[in-house]
Amino acid sequence: MATRDPRWVLKDRPSFALIIGLVVTGICALVSFSFDVINGAPVQFFIALALALAPVPLLLAAVLALDRMEPEPRSNLIFAFAWGAGIAVLVAGVINSLNLHYIIDTAKLSEASARNIAATFGAPVVEETMKGLVLLGLLRFRRAELDGPTDGVIYASMVGLGFAMSENVSYYLGALSTSGVKGLAVTVVLRGVLSPLAHPLFSSMIGVAVAYAAQRSGPERTTYVLAGWTGAMILHGLWNGLASYGGFPGLVVAYLALLVVLVVLIGVVFRDRRRIVALIQRYLPPYEPTKLVTQADIYMLSAFSRRRQARQWARAHGGKTGVRAMRDYQLAATELGLLHERAARHMVDEHTFHEEQRALLECMSTARADFPVPSIHARSAARGSPPPGYAPGAPT
């Protein structure tokens, strides 16, 4: 029996630690929302909550679309989102409120001026620290899941989306209470339509840094994390400062800055995909004698379009069982390449390497056994030729 099934996140029961963590984050989210209910009418709260929730499915789909090469465990993704929506928002909200009152009392400023100062210099430090803690937890306890900068971006985006969703409830409720429907509409456009990825982009600075740190050892790991943390706080502070003090021109500059960061991060993700493909092409050919990998398989695994073509072929000939087998095979083969990289970087010991290698090979063997090869093509497939439609253009 395989000791590590690549589909374990879909099969295993949630761990006790995960259940406790989700309970705690859920309680924190309820406490945070209770403050919003107290500050506004219940009807207004549910309107704000519905508007904050509305874009979340689309945003989650956009983020997870980046995570197709080597999908992250669902439990980790759920916890990251819940941390942002619960613990991070509650603690950051309390500290930000205390900072605001401290500035008002000590500097004798108006509430509006104090809010601008707190938003520009205080909130970025507090909020990025609270969001970043879950990423540090991954580095400490789930280091093996951070296979590259894409993973860092995914986890950071999940915690950022959770944080933004809960925070938007407060902003929408405040706008509705003070400025009515018109103020709510403006706030929804600014936060929910024009800048829904702001918090994920801020946190991605930390996520990328943590992912790079996971691939290394020694003092440089701390340097990477601190650099990412500083970048997240500076970007967040720049955004808040330009929005608070810059007027419309400031908003334009802030949006342009976010756009640049988004383009850079997309470039990082695509570069990371090429790295993973290179690992597959480097480490999988030696497994050809096992009959678990062929040149056609490597060709298929080296592009999203060909992976999708293979799944479509599997579904056409084998239904749900076929496509599930193909997904298992693709994931296990990708994990095998990443496992070799972790071994090359001395991130896993020899015993762990061989244990996981054996498990992944068993998973690949089980998946291949369920590949739906039509009888008309069985003979050519036995000789190593890919069936028509499996990987068009592959070497035979």
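Under an unreviewed UniProt entry, the chain has the name PrsW family intramembrane metalloprotease and belongs to Nonomuraea salmonea.

All right, on to the packing of helix H8 (residues 198-214) against helix H10 (residues 247-283) then. Packing of H8 against H10 brings their axes to within 10 Å, and their N-to-C directions diverge by 50 degrees. Here H10 runs oblique to H8, going by the angle between their axes. Here H8 and H10 pass one another in a crossing that is left-handed. Contacts between H8 and H10 involve Ala198, Leu201, Phe202, Ser204, Met205 and Val208 on the former and, on the latter, Leu258, Val261, Leu262 and Leu265. When grouped by side-chain class, the residues that make up the contact of H8 with H10 number nine nonpolar, one polar and no charged.

Right, let's get into the packing of aromatic side chains. To describe a pair of aromatic rings, one takes the distance between the centres and the angle between the planes. What the rule picks out here adds up to eight aromatic pairs. Arranged with centres 5.4 Å apart and planes meeting at 70 degrees, the rings of Tyr329 and Phe371 form a pair that is edge-to-face. With Tyr329 in helix H12 (residues 304-344) and Phe371 in the loop between helix H13 (350-369) and helix H14 (375-382), this residue pair connects regions lying 42 residues apart in the sequence. The class of Tyr329 is buried, set by a relative accessible area of 0%. For the ring pair Phe371 and Tyr390, a centre distance of 6.2 Å and an interplane angle of 50 degrees mean the geometry is tilted. Taken together, the residues span a long stretch of sequence, with Phe371 in the loop between H13 and H14 and Tyr390 in the segment after H14 at a distance of 19 residues.

The subject of this paragraph is empty space enclosed by the protein. All told, the structure shown has two cavities of 30 Å³ or more when counted by the stated rule. Put simply, the largest cavity is a space of about 100 Å³. Around the largest cavity, the lining is made up of 14 residues, and of these Met69, Glu70, Thr150, Asp272 and Ile276 lie nearest the centre. Secondary structure elements with two or more residues in the lining of the largest cavity: helix H7 (149-193) and H10.

Next up on the list: the UniProt feature "transmembrane region" (unreviewed entry) in the chain. Under the UniProt annotation, the feature "transmembrane region" (unreviewed entry) is placed at residues 16-35, 41-65, 77-98, 153-173, 193-212, 224-242 and 248-270. Between the end C-alpha atoms of residues 224-242 the distance is 27 Å, and the span holds 100% helix and 0% strand.

Glancing now at the pattern of salt bridges. Summed over all chains, the structure comprises nine salt bridges. Residue Glu128 is joined to Lys131 by a salt bridge in which the shortest nitrogen-to-oxygen separation is 2.9 Å. Separated by three residues within a single helix, Glu128 and Lys131 lie in helix H6 (residues 111-141), roughly one turn from each other. Side by side, Glu128 and Lys131 carry an identical accessibility label, which is buried. Each of Asp272, Arg275, Glu341 and Arg345 takes part in salt bridges that share partners, so that together they form one network.

The rules we used
Residues numbered from 1 in each chain as written. Predicted model: local features only at pLDDT ≥ 70, side-chain atom pairs only at ≥ 80, totals over all residues. Heavy atoms only, no water. Axes fitted to C-alpha atoms, helices over the stretch in contact; angles between N-to-C directions. Helix = DSSP H or I, 4+ residues; strand = E, 2+ residues; numbered from the N terminus. Parallel < 35°, antiparallel > 145°, perpendicular 65-115°, else oblique. Left-handed = near helix turned anticlockwise from the far one by under 90°. Contact = heavy atoms within 4.5 Å. Nonpolar A, V, L, I, M, F, W, Y, C, P; charged D, E, K, R; others polar. Phe/Tyr/Trp six-rings, centres within 6.5 Å; stacked < 30°, edge-to-face > 60°. Buried < 20%, exposed > 50% of the residue type's maximum accessible area, 1.4 Å probe, protein only. 1 Å grid on protein atoms, 1.4 Å probe; cavity = no way out; pocket = protein on both sides within 12 Å on 5 of 7 lines; lining within 4 Å. Points joined across faces, edges and corners; volume = space filled by probe spheres on them. UniProt positions renumbered as here; feature names shortened; annotations may be inferred. Salt bridge = Lys/Arg side-chain N within 4 Å of Asp/Glu carboxyl O.

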